[in-house]
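The residues making up each chain are set out below.
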Amino acid sequence: MSPPDYRPEPTLDVAPPPPPPRDPPPREKKRRRRTPFRGVFGGLLMLLAVGGAGGAVAGYGLYRQVAADLPDYRWLADYQPPQMSRIYAADSRLLAELATERRVFVPIEAIPKHLQAAFVSAEDQRFWEHHGVDPIGILRSVLTAVENYGSGRRLGGASTITQQVAKNMLVGADRTLTRKLREAILAIRIEETLPKDRILELYLNEIFLGYQAYGVAAAAQAYFNKGLDELTLGESAFLAVLPKGPNNYNPMRFPEAARARRDWVLDRMVEDRAVTPAEAAAAKAEPIVPRPVRRPEVLPVGQYFTEDVRRELSTRFGPEQTTAGGLVVRTSLDPALQAATEGALRTGLLGYDRRRGGFRGPVAKISASATEWLPALEAAQRPGGTPPEWKLAVALEVRDREARLGWIERPDPRGPAQPRTGAMPIEEASWARRALGEGRLGPVPRRMQDVLAPGDVVLVEVQPGQPGQPAQGRAPARPERLALRQIPQVEGAIVALDPSTGRVLAMAGGWSFEKSQFNRATQAQRQPGSSFKPFVYLPALEAGIPPTQRFLDAPIEINTPQGIWRPGNYGDGVTNSYVSIRTALEKSLNLVTIRVAQEVGMDKVAETAARFGVIPNMPRYLAMSLGSGESTVLRMAAGYAAFANGGREVTPTLIDSVQDQRGRVIWRSDTRACESCAATGPQAGPPELVDNRRQITDPIAAYQMVNLLTGVVQRGTGTAAGKGLNRPIAGKTGTTNDYVDNWFVGFTPDIVVAVWLGFDEPRSLGNGETGGGNAAPVFHDVLEAALRGSPAVPFRAPPGVALVRMQANNGQTIMEAFRPGTENAARPPEEDPARGTAVGLDRGLGGLY
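Residues numbered from 1 in each chain as written. Predicted model: local features only at pLDDT ≥ 70, side-chain atom pairs only at ≥ 80, totals over all residues. Heavy atoms only, no water.

Per the secondary structure count, the protein includes 21 helices and 25 strands. Within the protein, buried positions represent 48% of all 849 residues. Looking at the protein alone, contacts between residues at least 24 apart form 69% of all its contacts between residues at least 6 apart. Accessible surface, the protein as shown: approximately 43900 Å² in total, 52% of it carbon and sulfur. (Helix = DSSP H or I, 4+ residues; strand = E, 2+ residues; numbered from the N terminus. Buried < 20%, exposed > 50% of the residue type's maximum accessible area, 1.4 Å probe, protein only. Contact = heavy atoms within 4.5 Å. Areas by Shrake-Rupley, 256 points an atom, 1.4 Å probe, with all protein chains shown as cover.)

And the structure:
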């Protein structure tokens, strides 16, 4: 069926009205595809952002807190590690080391380049590039830690050399995060302040490398007994191993680990192009051969001298600088003369002690049983001050003419004791009279039973001969000969110095520094006795009184606040009428000395004593003219030195120079000016040193005193001082009241020696014990050692002095020294019957007694 025919109806030409507006149909929304983790990551990102911001704030706060409390690091620029000071004798041999820690500081310029490179390669390969902290090193350390996590290996650190300097010297070594942060901040600041060379210098001198060694120089000595310049490449690489663990790589205990680690350092040095592969291979072939530590050999003499040097250093530079400042101290001590001086003093003290001290009995008493004496003798205490060559021995058997004694030998100090026996004949103990007290002695021993009993422990000295007889086993044909010894109670002191410079050449302050550290040469104030008399006669010579002028030698009474004082001459008090100054000095006449002191005035005598430094503030009493003031052995030596050098003031010195750690001279005793020393060119002549010392007496008066004092040695009380020496020697004996102090002070043109003997607690040495008998022989032995091998040098007369040939009282012809115009000023008193006394002296001095 066809659709009906549809025809549209006809429309009018009028437009129809627009249809009403309709809402647009709603757009169909796209559905988002939801990812399951998008919200999680967003949250995490937000948390990270918040956490990062919070962490930054917290980190900045922590930085501000840590940085505000950091120690000052700027002092590192001038820091010098504490290191020992060394005292050297005049011949550059070591006298002593002064230290609180054994360190040796070496400037970076003196550290070999291969040693520097070894430590940089081992500890901080990027040391020369980073600025205190090495981020690459930190990252490498983190990655290594991740790789080794759970393996049990020790995690490696990422500290640079600069950080280690900060840790060792500023912040400490506690294992905390705060310390690492402080260390890093300080490292950056140190790099901004100090050059790399200075940082490396501090590190190499401060690092602990085991064996109690701080710094590479001390470690080189400790492990290889070498200086830094003597180290091989392999040895340098081994030292660079040690900062990581000195005990773990100790070549004595772990040689394989030490070698493996050393080879690793060498490989790193090749990697850093510090050495070539061939050099590294040669170094790897070297074995690590540690050598026993050998400390520098210290001279066994001069302990009193060295202690006085230490005290002077402490006064001048302070205790800390003295023991930790690395000072190099060069002194004036002559080791050979010092040994002779100590030996001469001990000989003199022993001689007196045997003659007047007697035998004071055994040191101890033990069992003499064959099975018990050895352990008992080992337990016996060795008396302080015993010389090393003396042995502690026990009497095992005592017969009439000899005793058999046992002692202990230890060839190896760490080895077992070896018992020995020997024989002591009565001749080696004949001096051992029993001391009965108050200076009284028993009879000379005639049998060994008078000296020893079985079980007595005494000191003995093995006499030259055959080796000691073993205590057990087959004995030698002749037993060792022993001599009885005893530490004396009497003490003494000696000073020897150069009169031209004041340099102290030798000093002995007592029997033994081990027994007593009190230095009797510089600390003991003792009466000089008649050795003071030259300072009484010198003002008279300065005033023009000739040495031939005569004074009355007769009894005198002097009123004092304590009563009438009646001094007398030594001995029997015999007087000699009128005698010259020369005779008075040669015979040491007290009465003449008092009259000269009265004439010149005690003010002048006191001024002379102060001028020469003998007694600075001497009271103005006549008794002082006989030496009843107090002085020291060193002052007396310096006072007499001014006579020998022509009247120049002498200031004794023990130290020639002091250098700091870097070798710069910071103090010198010689203050003489040398204006021509800097002159150069062909016109420059030899340098001339200007002697700026004070002239404390005129050269003529000084020479007159020298001339008088030579008579004391040639004809007077000091003949024992020059016996057999055959050269000009001047000096003066001294003996105080009741024979308490014995002195002899003498000199040649080249050396002055002052000797004193006495007890620490002043008491009489015994009737007749004088300076001429005790001190002068000691002086002789010291002078003989000092002048051995040198030619005789005469005393040089100054310009203007008049030398007149005269005859001494004993008929000997002498050359007397006069001031010009005074040769005929003094005549014998009998030539002036009107006055009956010496004439020609009334030049403002008044009449003489």
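Quick look at the sheet that holds strand β14 (residues 504–508) now. Pairing between the strands of a sheet comes from backbone hydrogen bonds, and it takes one of two forms, parallel or antiparallel. Pairing is antiparallel in the open sheet, where five strands are placed in the order β14-β13-β23-β22-β21. Pairing within the sheet leaves two strands with one partner each, and these edge strands are β14 and β21 (730–735). Strand-to-strand twist across the sheet, computed as the mean angle between neighbouring axes with direction ignored, equals 5 degrees. Bridge analysis of strand β22 (residues 742–747) against strand β23 (residues 752–758) gives six bridges, and the strand direction is antiparallel. (Pairing = 2+ DSSP bridges. Axes fitted to C-alpha atoms, helices over the stretch in contact; angles between N-to-C directions.)

A few words now on the sheet that holds strand β20 (residues 665–668). Here five strands make up an open sheet; going across it, the order is β2-β1-β3-β19-β20 and the pairing mixed. Because the sheet does not close on itself, it has two edges, and the strands there are β2 (94–98) and β20. The mean inter-strand angle of the sheet, taken between neighbouring strand axes irrespective of direction, is 15 degrees. Pairing of strand β19 (residues 655–659) with β20 involves three bridges; the strand directions are antiparallel.

Val495, Phe532, Met618, Tyr640, Phe643, Leu709 and Phe747 are the most contacted members of the largest nonpolar core, which has 86 residues in total. Top element by residues in this core is helix α19 (residues 633–644). It accounts for ten residues. Each residue touching Met618, except ones within four places of it in the same chain, is listed here: Phe532, Met602, Val605, Ala606, Ala609 and Met624. Counting 51 residues, the second largest nonpolar core, distinct from the first, contains Ala122, Tyr203, Ala258 and Ala280. (Core = buried A, V, L, I, M, F, W, Y, C linked by side-chain atoms within 4.5 Å.)

Further remarks concern the environment of Thr522. Within the secondary structure, Thr522 sits in the loop between β14 and α15 (534–542). Note on Thr522: relative accessible area 21%, which makes it partly exposed. Those residues in contact with Thr522 that lie beyond four places of it in its chain are Asp308, Met507, Thr632 and Leu634. A polar contact is formed between the side chain of Thr522 and the side chain of Asp308, at a distance of 3.0 Å. (Polar contact = N/O pair within 3.5 Å; in protein donor to acceptor, adjacent residues only side chain to side chain.)

A word on helix α6 (residues 196–206). A large share of α6 lies buried, amounting to ten of its eleven residues. Of all the positions in α6, only Lys196, Arg198, Ile199, Leu200, Glu201, Leu202, Tyr203, Leu204, Asn205 and Glu206 are classed as buried.

Moving on, we come to the environment of Pro290. Within the fold, Pro290 resides in the loop between α10 (277–284) and α11 (303–317). Relative accessible area serves as the criterion here: at 21%, Pro290 is assigned to the partly exposed category. Along the primary structure Pro290 and Ala220 are separated by 70 residues, whereas in three dimensions their C-alpha atoms are 9.9 Å apart. When neighbours within four sequence positions are excluded, Pro290 is seen to be in contact with Tyr223, Phe224, Pro251 and Met252.

Another aspect to go through is the pairing of β2. Burial within β2 is extensive, with five of its five residues counted as buried. In this structure, strand β1 (residues 85–88) lies alongside β2, joined through four bridges in antiparallel fashion. Among the inter-strand pairings, Ile87 is bridged to a residue of β2, identified as Ala96. Where β1 folds back on β2, the antiparallel hairpin that results is connected by five residues, among which Ser92 adopts a positive phi of roughly 70 degrees.

Moving on to the packing of aromatic side chains. Enumeration over the complete set of coordinates arrives at 20 aromatic pairs. Each ring, one from Tyr223 and one from Phe238, has its centre 5.6 Å from the other, and the planes form 75 degrees; the classification is edge-to-face. A residue pair is termed long-range when its members are at least 10 positions apart, and Tyr223 in helix α7 (residues 216–224) and Phe238 in helix α8 (residues 233–241) qualify at 15 residues. Both residues of the pair, Tyr223 and Phe238, belong to the buried class. Relative to Phe747, the ring of Tyr640 has its centre 6.3 Å away and its plane inclined at 65 degrees; by these criteria the two rings are edge-to-face. Separated by 107 residues along the polypeptide, Tyr640 in helix α19 and Phe747 in strand β22 bring together distant segments of the chain. The exposure class assigned to Phe747 is buried, which follows from its relative accessible area of 0%. Taken together, the aromatic side chains of Phe532, Phe535, Phe612, Tyr640, Phe643, Phe747 and Phe795 make up a single cluster linked through ring pairs. (Phe/Tyr/Trp six-rings, centres within 6.5 Å; stacked < 30°, edge-to-face > 60°.)

What follows covers unusual backbone geometry. Residue Asn225 is not a glycine yet carries a positive backbone phi of 55 degrees. Tracing the backbone shows Asn225 in the loop between α7 and α8. Despite not being glycine, Asn726 has its phi angle at roughly 55 degrees, a positive value. Structurally, the position occupied by Asn726 is in the loop between α20 (699–715) and β21. Taking the relative accessible area as the measure of exposure, Asn726 reaches 70% and is therefore exposed.

With that settled, the discussion passes to the side chain of Thr653. In this structure, Thr653 sits in the loop between α19 and β19. Assessed through its relative accessible area of 15%, Thr653 is described here as buried. Apart from residues lying up to four places away in sequence, Thr653 is in contact with Ser332, Gly502, Arg503, Val504 and Ser669.

For the rest of this paragraph, the subject is a nonpolar patch on the surface. Among the surface-exposed residues, Phe41, Leu44 and Leu47 lie close enough to one another that they form a single nonpolar patch of about 340 Å² accessible area. Position of Leu47 among the secondary structure elements: in helix α1 (residues 38–68). (Patch = residues over 30% accessible without salt bridge, like charges linked within 9 Å, V, L, I, M, F, W, Y side chains within 5 Å. Salt bridge = Lys/Arg side-chain N within 4 Å of Asp/Glu carboxyl O.)

Looking now at the packing of helix α2 (residues 113–123) against α6. Contact geometry of α2 with α6 gives a least axis separation of 11 Å together with a crossing angle of 90 degrees. Considered as vectors, α2 and α6 are oriented roughly perpendicular to each other. When α2 is examined against α6, the residues Gln116, Phe119, Val120 and Glu123 are found in contact with a partner set consisting of Leu200, Tyr203 and Leu204. (Parallel < 35°, antiparallel > 145°, perpendicular 65-115°, else oblique.)

Looking at the protein, the pLDDT average stands at 85 and 83% of residues meet or exceed 70. For the stretch residues 10–14, pLDDT sits under 50, and the model shows zero contacts to residues farther than four places along the chain or on other chains. A low-confidence stretch, residues 828–849 (pLDDT under 50), is modelled with 37 contacts involving residues beyond four sequence positions or located in other chains. (pLDDT = per-residue confidence, 0-100.)

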